Amino acid sequence: MRRRTLLTGLAGALVPTAATPAAAHDGRVLHVRPGDSVQRAVDRVDRPGRTIVVHPGTYREAVTVPADAAELTLRGATGDPRDTVIVLDRANGTQRPDGSGTYGTAGSATFTSAAPGLTVRDLTLANDWLRADHPEITGTQAVAAYVTGDRSSFENVRLLAHQDTLFADTTALDAFDRQYFRHCHIEGDVDFVFGRATAVFDRCRFHTLRRDVTFTPKGMVFAPATARANPYGFLAVRCRVTSAAEDAAYKLARPWVPSYETTAWPSLVVRDTWLGPGIDAVAPYTNMRDAYPWQTMRFREYADSGPGAVITVPENRPQLTAREAAEHTPRTYLRDWRPHGRP
């Protein structure tokens, strides 16, 4: 796969960042059209509750939503996420233009938000950096979206990258910020949904990419880094896991215990979800580091189906009981927050 093919089938002509006339402003709504800059519109947000409507096109720029842009809604104009694309190509190991070093994993993100009450709908967030184009770079994490801030909601959003596509994190080590993803398409290869947020994935599709490498596993879908004090980490419910790779090429998850938070106790529940043949059904979990074996983590499944969910070695697939499953729902994870008015 060459670099631009990540966006195959997505509409819109390239819009250079240099072309940044002021976005149209209509009361509480700002409109961004080809030739405008999404970041310029974000910079004009002057109070909570604003809406930015991004019209069809491909906007090649980094977008950062600051914490004081509370209750912001960012949405594509047509309702089809393929029509409106925000994309950039940089990785952890990419050198900053000012010579101050590399971007790092979080800094590689195309879209970054720390705003509480953020809503993103009906658009694509992508990082189309490819390892094959940059063999000299070893820091190959390239994030499409780095999200912190409580009550961040994504609906009908496409998140496209390779390694570390979605960084679902929190504003601080001791914060239990909540995120909700509904009807989203998230694709990548290595640890492409990771972080310490309390995150619910409701009716989402996770798609593992084909990789031209000889080793297995080719990658992992989830890499949670949940704080030990947080009772809830990642919850995938009523989702689908599909693959462009060969059967059993991917693991469902591995635990991430960061060097800056070695007390982390990663938590992942995958329930009522269809797992395709790309997931290794015999051994769906693996270690990131042997000092933190996955068996000691809070990894559980419940009522999953599909060829990747077949239980052949029970000790490799810890299951919730029906009583335990009643505690692992969107309502319990999101507490008093009801995004879209749903339980």
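Residues numbered from 1 in each chain as written. Predicted model: local features only at pLDDT ≥ 70, side-chain atom pairs only at ≥ 80, totals over all residues. Heavy atoms only, no water.

### Points about the overall build of the protein
Point 1. Per the secondary structure count, the protein includes 4 helices and 27 strands.
Point 2. Over its C-alpha trace the protein gives a radius of gyration of 19 Å, about what one expects of a compact globule, namely 20 Å for 343 residues.
Point 3. Along the longest, intermediate and shortest principal axes, the C-alpha atoms of the protein span 60 × 45 × 35 Å.
Point 4. Classification of the 343 residues of the protein by burial places 59% in the buried group. (Helix = DSSP H or I, 4+ residues; strand = E, 2+ residues; numbered from the N terminus. Rg over C-alpha atoms; globule rule 2.2 N^0.38 Å. Buried < 20%, exposed > 50% of the residue type's maximum accessible area, 1.4 Å probe, protein only.)

### What about the nonpolar core?
Point 1. Within the largest apolar cluster, 60 residues are counted, with the highest numbers of intra-cluster contacts made by Ile52, Phe111, Phe154, Leu166, Phe201, Phe206 and Phe222.
Point 2. Core analysis: the next-biggest nonpolar cluster, separate from the first, contains 11 residues, Tyr232, Leu320, Tyr333 and Trp337 among them. (Core = buried A, V, L, I, M, F, W, Y, C linked by side-chain atoms within 4.5 Å.)

### Digging into the sheet that holds strand S12 (residues 145–147)
Backbone hydrogen bonds are what pair the strands of a sheet, in a parallel or an antiparallel way.
Point 1. Here we have 7 strands laid out as an open sheet, ordered S6-S9-S12-S15-S18-S21-S24, and parallel in their pairing. Bordering the open sheet on either side are strand S6 (63–65) and strand S24 (250–253), each of which pairs with just one other strand. The average angle at which neighbouring strand axes cross in this sheet is 15 degrees, direction not considered.
Point 2. Judged from the 3 bridges that link them, S6 and strand S9 (residues 111–113) form a sheet pairing that is parallel. In the sheet register, Val65 faces S9, and the bridge partner there is Ser113. (Pairing = 2+ DSSP bridges. Axes fitted to C-alpha atoms, helices over the stretch in contact; angles between N-to-C directions.)

### A closer look at the pattern of salt bridges
Point 1. A full pass over the atoms with the stated rule returns 20 salt bridges.
Point 2. Between Arg47 and Asp46 there is a salt bridge, and its shortest N-O distance comes to 3.8 Å.
Point 3. Judged by its relative accessible area of 47%, Arg47 is partly exposed.
Point 4. Of the charged contacts, one joins Arg178 and Asp150 as a salt bridge, the two residues approaching to 2.6 Å between their closest N and O atoms. A residue pair is termed long-range when its members are at least 10 positions apart, and Arg178 in strand S16 (residues 178–182) and Asp150 in the loop between S12 and strand S13 (152–155) qualify at 28 residues.
Point 5. Within this structure, Asp46, Arg47 and Arg50 form a network of salt bridges that share partners. (Salt bridge = Lys/Arg side-chain N within 4 Å of Asp/Glu carboxyl O.)

### Quick word on the environment of Leu72
Point 1. With respect to the helices and strands, the residue Leu72 is situated in the loop between S6 and strand S7 (73–76).
Point 2. A residue is classified by how much of its surface remains accessible, and Leu72, at 1% relative accessible area, is buried.
Point 3. Remark: the alpha-carbon pair of Leu72 and Gly49, spanning 23 residues in sequence, is separated by 5.2 Å.

### What to know about the side chain of Thr170
Point 1. Looking at the secondary structure, you find Thr170 in the loop between strand S15 (166–168) and S16.
Point 2. Among the polar contacts listed, one links the side chain of Thr170 to the backbone oxygen of Ala172, at a separation of 2.7 Å.
Point 3. Looking at Thr170, its side chain comes within polar contact range of the side chain of Arg196, at 2.4 Å.
Point 4. In contact with Thr170, other than residues within four places in its own chain, are Thr148, Ala175, Asp177, Arg196 and Ala197. (Polar contact = N/O pair within 3.5 Å; in protein donor to acceptor, adjacent residues only side chain to side chain. Contact = heavy atoms within 4.5 Å.)

### A word on the environment of Thr216
Point 1. Of note, Thr216 is situated in the loop between strand S20 (205–208) and strand S21 (219–224).
Point 2. A relative accessible area of 57% places Thr216 in the exposed class.
Point 3. Sequence-wise, Thr216 and Arg82 are 134 residues apart; in three dimensions their C-alpha atoms are separated by 31 Å.

### Remarks on the pairing of S21
Residues in a regular strand project their side chains so that they alternate between the two faces of the sheet.
Point 1. Counting buried positions along S21 yields 6 of 6 residues, so the element is predominantly enclosed.
Point 2. When strand S18 (residues 193–195) meets S21, the two strands line up parallel, connected through 3 bridges. Note on S21: the bridge partner recorded for Phe194 is Ala223.
Point 3. Both S21 and S24 contribute to a ladder of 3 bridges, which runs parallel. Counterpart to Gly219 in the pairing with S24 is Tyr250.

### Points about the environment of Thr165
Point 1. Assignment of secondary structure puts Thr165 in the loop between strand S14 (158–160) and S15.
Point 2. In this structure Thr165 comes out as buried when scored by relative accessible area, which is 0%.
Point 3. Sequence spacing of Thr165 and Phe192 is 27 residues, and the spatial spacing of their C-alpha atoms is 4.6 Å.
Point 4. With residues near it in sequence (within four places) discarded, Thr165 still touches Val143, Ala144, Ala145, Leu159, Leu160, Ile186, Glu187, Gly188 and Phe192.

### Some details on unusual backbone geometry
Point 1. Of the consecutive residues Thr216 and Pro217, the connecting peptide bond is found in the cis state with omega at 0 degrees.
Point 2. Despite not being glycine, Arg151 shows a phi value in the positive range, around 60 degrees.
Point 3. Topologically, Arg151 is positioned in the loop between S12 and S13.
Point 4. For Arg151, a relative accessible area of 24% puts it in the partly exposed group.
Point 5. Its identity is not glycine, yet Ala248 carries a phi of approximately 65 degrees, on the positive side.
Point 6. A relative accessible area of 37% means that Ala248 is categorised as partly exposed.

Function-wise, these values are silent; they only describe arrangement.
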